[in-house]
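# Residue-level structural notes
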Amino acid sequence: PARAPPRRPSGPPAGFFSADAFADAGAPPALVDALAAMGVVKPSHIQAAALKALIGGGGDAAATPRHVVLADHAGSGKTLAYLTPLAASLLDADATLGRTAPGAPRALVLAPTSELCVQVLSVARALARGLASTGHAPFRSVALTGGHPWRTQRDALAEGPDLVIATPGRAAEHARAGGLDLSAATTIVLDEADVLLADSGAFAEQVAPLRAAAPATARFVLVTATLPEPVWAQLEADPAFGGTLGLLPVLGPGLHRPAPGVTQVVVDCSGGDDFTAEGGLARKATALVELLAKSRDTHTVVFCNTVDACRKVENVVRRQLAATHTAHAYHAAV
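Everything in this summary refers to the structure shown in the same document. Note on numbering: residues in each chain are counted from 1, in written sequence order. Only residues with pLDDT of at least 70 are given local features in this predicted model, and only at 80 or more are side-chain atom pairs given and counted; all residues enter the totals for whole chains, interfaces and linings. Excluded from the side-chain calculation are hydrogens and water; included are all heavy atoms of the structure.

By convention, a stacked pair of Phe, Tyr or Trp rings (six-membered ring in the case of Trp) has centres within 6.5 Å and planes under 30 degrees apart, an edge-to-face pair has planes over 60 apart, and any other such pair is tilted. Per the stated rule, a full pass over the model turns up two aromatic pairs. Taking the centre distance of 5.0 Å and the plane angle of 90° together, the rings of Phe16 and Phe17 count as edge-to-face. Note on classification: 1.4 Å probe, protein chains only; a residue is buried when its accessible area is under 20% of the maximum for its type, exposed when over 50%, partly exposed between these limits. A relative accessible area of 39% means that Phe16 is categorised as partly exposed. Residue Phe17 is classed as partly exposed on the basis of its relative accessible area, which comes to 47%.

So this is what it looks like as structure tokens:
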């Protein structure tokens, strides 16, 4: 039977920074120097916890789950939380195994969107520059996403990058073409794992062959901003992740809490016996217009869960608040 879902730390919300130093959490001196060169001198809570779990405080390897779930709220520093121990492993591999073979990276980060891949790539390259500026060997990283020249990406893979950051679809295309070989990968990171592994989405089907292509010894690091019970149950039930030892949950103190400085307000848009999507959208649109009309804020972001909903909300604002508000939609069809 599946274990009960892990719970976030109790007590009052903590600040951003951990009481531990990077070195105390397990970061090797080269990474401490590189982070300092980036202007990062103290870890956040999730960064310190990730270092302890992945390289600093694993304890008895035989009793430690191989795969790790990193969960904390958006803005908690999760990208650096997994890239720092990943960079440490790449430094070790470079020292013991030498240069990475063409098309056979030692680590893969999968992310659901091109924008997130670019963000992760920028942090990875900043960390590599920090290593270089302090006299250490930098690791090489490349992004594989749709909308960019295939030949350029193919040539970049042939140069032997240590780290590949990719959307699942484009990574699978390069793997099928023979340019991406995951047989040497020791770490696979799923950034926004709840999105990538969703049963109803295409991402799960795209991720599956990449997981199958990785060696059985590869460690998975599953990164998410939310860890509700259904997501945890899905991960526990997955033989690729659960296994004999199960998953090690590494939870930040901000998980399932508002980010510092953010006030959350719930507006009741229930409608009695009307459970239709159309009725729900109409009630929410009415509530949104009322809130925008009263608000003194000059800029507002409205999140929707589908492209169609984005378009409908945009039209509502343009029709009903044309005299005071300008609306722009931003979604996958733009």
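Right, let's talk about the sheet that holds strand β1 (residues 67-71) for a bit. In sheet architecture, strand pairing relies on hydrogen bonds along the backbone and comes in two forms, parallel and antiparallel. DSSP calls a pair of strands paired once it identifies at least 2 bridges connecting them. The way it works is that DSSP assigns letters per residue, a run of H or I at least four long becomes a helix, a run of E at least two long becomes a strand, and they are numbered from the N terminus. Strand order in the open sheet made by the seven strands is β3-β4-β2-β5-β6-β1-β7, with parallel pairing throughout. A single partner strand is all that each edge strand has here, and the edge strands are β3 (141-144) and β7 (247-251). Here the average twist between neighbouring strands, direction ignored, is 15°. One ladder, built from four bridges, connects strand β2 (residues 107-110) with strand β4 (residues 163-166); its direction is parallel. Residue Leu108 lies in a different strand from β4, and its bridge partner there is Val164. As a rule, the C-alpha atoms of each element are fitted with a line to give its axis, helices using only the stretch in contact, and angles between N-to-C directions run from 0 to 180 degrees.

This brings us to a nonpolar patch on the surface. Only residues whose relative accessible area exceeds 30% and that form no salt bridge are eligible for patches; like-charged ones are grouped when within 9 Å, while nonpolar side chains (Val, Leu, Ile, Met, Phe, Trp, Tyr) are grouped when within 5 Å. Calculation of accessible area relied on Shrake-Rupley with a 1.4 Å probe; when residues are assessed, cover is drawn exclusively from the protein chains displayed. Only one rule defines a salt bridge in this text: a Lys or Arg side-chain nitrogen within 4 Å of an Asp or Glu carboxyl oxygen. Together, Val265, Val267 and Leu291 line one region of the surface with nonpolar side chains, adding up to about 280 Å² of accessible area. Mapped onto the fold, Leu291 is located in helix α11 (residues 277-294).

The next thing to look at is the pattern of salt bridges. In total, this model carries eight salt bridges according to the counting rule given. Of the charged contacts in the structure, one is a salt bridge between Arg140 and Asp162, with a shortest N-O distance of 3.4 Å. Taken together, the residues span a long stretch of sequence, with Arg140 in the loop between α5 (114-133) and β3 and Asp162 in the loop between α6 (150-158) and β4 at a distance of 22 residues. Judged by relative accessible area, which is 26%, Arg140 ranks as partly exposed. Overall, Asp162 belongs to the buried group, its relative accessible area being 5%. A salt bridge links Glu173 to Arg170; the shortest N-O distance between them is 3.0 Å. Note that Glu173 and Arg170 are positioned in helix α7 (residues 168-176) at a spacing of three residues, about one turn of the helix.

Moving on, we come to the packing of α6 against α7. Two measures define how a pair of helices packs: the angle their axes make with one another and the distance between the axes. Across the interface, α6 lies against α7 with an axial gap of 12 Å and an inter-helix angle of 65°. With respect to each other, α6 and α7 are oriented roughly perpendicular. When the axes of α6 and α7 are compared, the crossing they make is right-handed. Taking contact as the criterion, the partners of Trp150, Gln153, Arg154 and Leu157 in α6 are, on α7, Arg170, Glu173 and His174. Any residue outside Ala, Val, Leu, Ile, Met, Phe, Trp, Tyr, Cys, Pro, Asp, Glu, Lys and Arg is labelled polar, Gly included; the first ten of those are nonpolar and the last four are charged. Among the residues forming the contact of α6 with α7, the class breakdown is two nonpolar, two polar and three charged. Angles below 35 degrees are treated as roughly parallel, those above 145 as roughly antiparallel, those between 65 and 115 as roughly perpendicular, and all remaining angles as oblique. Take the far helix as your reference; a near helix turned counterclockwise from it by less than a right angle gives a left-handed crossing, and one turned clockwise gives a right-handed crossing. Here, two residues are considered to be in contact whenever any of their heavy atoms come within 4.5 Å of each other.

In this fold, Asp238 is placed in the loop between α10 (229-237) and β7. As used in this structure description, the phrase polar contact means that two N or O atoms lie within 3.5 Å; if the pair is within protein, one of them must be able to donate a hydrogen and the other to accept it, and residues adjacent in sequence are counted only when both atoms belong to side chains. Within the structure, Asp238 has its side chain in polar contact with the side chain of Arg211 (distance 2.8 Å).

In contact at an axis separation of 10 Å, helix α2 (residues 29-37) and helix α4 (residues 78-97) are set at 135° when each is read in the N-to-C sense. When the interaxial angle is binned, α2 and α4 end up oblique. Seen from above, α2 lies across α4 with right-handed handedness. Contacts between α2 and α4 involve Ala30, Leu31 and Leu35 on the former and, on the latter, Leu80, Thr84, Ala87, Ala88 and Leu91. Residues that form the contact of α2 with α4 fall into these classes: seven nonpolar, one polar and no charged.

The values reported here are purely geometric and, on their own, carry no functional implication.
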